[in-house]
Amino acid sequence: MAIIDHVDFNGFMEGVKRRNPYQPEFVQAVHEVAEDIFDFIEDKEQYHEQQILRRMAEPDRVISFRVCWEDDNGNIRVQRGWRVQNNNAIGPYKGGIRFHPAVTESVLKFLAFEQTFKNALTGLPMGGGKGGSNFNPKGKSVREIMRFCQSFMTELYRHIGADTDIPAGDIGVGGREIGFMFGQYKRITGQFTGVLTGKGLEYGGSLIRTEATGYGAVYFLSEMLATKGEDLHGKTAVISGSGNVATHAAEKFVQLGGKVLTLSDSGGFIHDPAGITQDKIDWVKAHKTHRRGRIEEYCEAFKGAEFHPGKTPWHVPCDIALPCATQNELLGDDARALVANGCSAVSEGANMPTDLEGVHVIKAAKILYAPGKAANAGGVAVSGLEMSQNSGRRAWKEDELQQMLKDIMSGIHARCMEYGQREASYCDYVKGANIAGFKKVADAMLAFGVV
Ligand code: NDP
């Protein structure tokens, strides 16, 4: 007879902390998921017996490597690169690459862990992974970025493949960087395969991939509001970030009849009481993406807007909050301010933007709250559709993809409701997302035996 170790939650987390010293982001991500999973598996012997949660909290592998490149002045620069292959129980590893000076192994392990649940939620056959480097693209010339991307791929290529691990973009990695990395992969291997997603349309990319994460976060928000008989008309939103996710979330929010009050970057936030309309969003996209400008310059372009240096936007009164910049950007006090100001819904475009205290405050207030792993899954979902198009050597039309994205977000919402709706008038979407994602991956792992 098997000896079943029914370790309690605290005992489990002590073990995670001990095995992952100095990795606070990873420990935080596991903590948040395990809180919900412990309740769910309490009476489900097979998950205990097979140590499923313990196995899921240990990445399949973490690959760490040196990336050398030469800057424009001829100096040799050394960075560290990683690929975390977290879990491939339901499909090949899939998840973005992040270039940012704050990238550490802990950050990438947390992101790969979250990605595993998110990808499961989409209903598509994709496992979870994440990669990146502490390289800072800011202030680098295009040639420097190209040389870095090529050097990064010169090591990464041996660990990835269209049926093993398919990276995509993330913070600091957009279409340009994907192009440099895809070009290098093709050059080294001589193969033209769908090994990366987020590619340019000319060479196998998918329509609406760029827009998908931000649009998806707003579609998910609309699904949540619909459960209360509401929509976005006349609602105000506070949005953080001014990159890919933030600008497209703003765009869809405005298209669906809402008014966006703020955007931000790491320098602070801008507040435009008149509303950030489509032409202003277009200006932000052009200014930030193509000219690498700062959000504070918005106030020179559009009168009536104010810049608040070094601050996040959560204290501006609003109906809806969309954190779309980075992890741990919405803290306990911010969550209290949102609730006190009457905010009725939070939809996370970014990954883990709300810290644990903030999550507890929002959950206690019982407002609508979509965690990133559900709300921002539209990006990876369309990446999954890009993989399908690459395998089938075809390209779907924009309206077909828009409909698929909407259907996928609606499916994720339904899966969250299935496991998160405990009271007639309240759905705990965090719990729902965690359990639905866990169950799919866990059941596949059970089928494989002890591996
Ligand atoms: P971008 O690089 O396009 O934009 C990131 C934005 O966040 C920038 O405005 C940046 O400001 C800001 N930012 C970054 N770090 C900080 C910080 N420490 N404090 C305040 N602001 C910060 O990235 P994305 O829009 O692609 O990604 C945003 C979030 O969404 C990330 O959490 C990412 O993991 C998540 N996500 C992205 C997906 C995608 O498809 N792109 C898919 C799913 C999730 P600055 O310019 O000053 O650095």
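This section reports on the structure supplied with the text.

So, how was this worked out
Residues numbered from 1 in each chain as written. Predicted model: local features only at pLDDT ≥ 70, side-chain atom pairs only at ≥ 80, totals over all residues. Heavy atoms only, no water. Pairing = 2+ DSSP bridges. Helix = DSSP H or I, 4+ residues; strand = E, 2+ residues; numbered from the N terminus. Axes fitted to C-alpha atoms, helices over the stretch in contact; angles between N-to-C directions. Core = buried A, V, L, I, M, F, W, Y, C linked by side-chain atoms within 4.5 Å. Buried < 20%, exposed > 50% of the residue type's maximum accessible area, 1.4 Å probe, protein only. Contact = heavy atoms within 4.5 Å. Near = heavy atom within 4 Å. Polar contact = N/O pair within 3.5 Å; in protein donor to acceptor, adjacent residues only side chain to side chain. Areas by Shrake-Rupley, 256 points an atom, 1.4 Å probe, with all protein chains shown as cover. Nonpolar A, V, L, I, M, F, W, Y, C, P; charged D, E, K, R; others polar.

## Thoughts on the sheet that holds strand β2 (residues 76-87)
Moving on, step 1. Read across the open sheet, the five strands follow the order β1-β2-β4-β3-β5; overall the sheet is mixed. Every other strand in the sheet has two partners, leaving β1 (61-70) and β5 (165-168) as the edge strands with one partner each. Each adjacent strand pair in this sheet contributes to an overall mean axis angle of 20°, direction not counted.
Moving on, step 2. Pairing of strand β3 (residues 93-99) with β5, which is carried by four bridges, proceeds in the parallel orientation. Its bridge partner being in β5, glycine 96 is matched across the sheet by alanine 168.

## Some points on the pairing of β1
Moving on, step 1. The sheet contact formed by β1 and β2 spans 10 bridges and is antiparallel. Considered in β2, the bridge of phenylalanine 65 is made with glycine 81.
Moving on, step 2. Counting the residues between successive antiparallel strands, the hairpin from β1 to β2 contains five residues, one of them, glycine 74, with a positive phi of roughly 85°.

## Side note on the nonpolar core
Moving on, step 1. Ranked by internal contacts, the top residues of the largest apolar core, which has 97 residues, are Phe12, Phe220, Ile239, Phe253, Ile412 and Phe438.
Moving on, step 2. In contact with phenylalanine 220, other than residues within four places in its own chain, are Ala370, Ala374, Ala375, Met409, Ile412, His413, Cys416 and Tyr429.
Moving on, step 3. Ile97, Phe152, Met181 and Phe182 belong to the second-largest nonpolar core, a separate cluster that totals 21 residues.

## Overview of the site of the ligand
Moving on, step 1. Asp170, Thr213, Ser266, Arg294 and Asn351 are the nearest of the 26 residues found near the ligand.
Moving on, step 2. Take arginine 209: an N or O atom from its side chain is 3.1 Å from an oxygen atom of the ligand.
Moving on, step 3. Contact distances for the ligand include 2.8 Å between an oxygen atom and a side-chain N or O atom of asparagine 351.
Moving on, step 4. Protein contact buries 82% of the 890 Å² of open area that the ligand shows by itself.
Moving on, step 5. When residues of the shell around the ligand are traced back to their parent elements, those giving at least two are α8 (209-226), α9 (244-255) and β7 (259-265).
Moving on, step 6. When grouped by side-chain class, the residues that make up the shell around the ligand number five nonpolar, 13 polar and eight charged.

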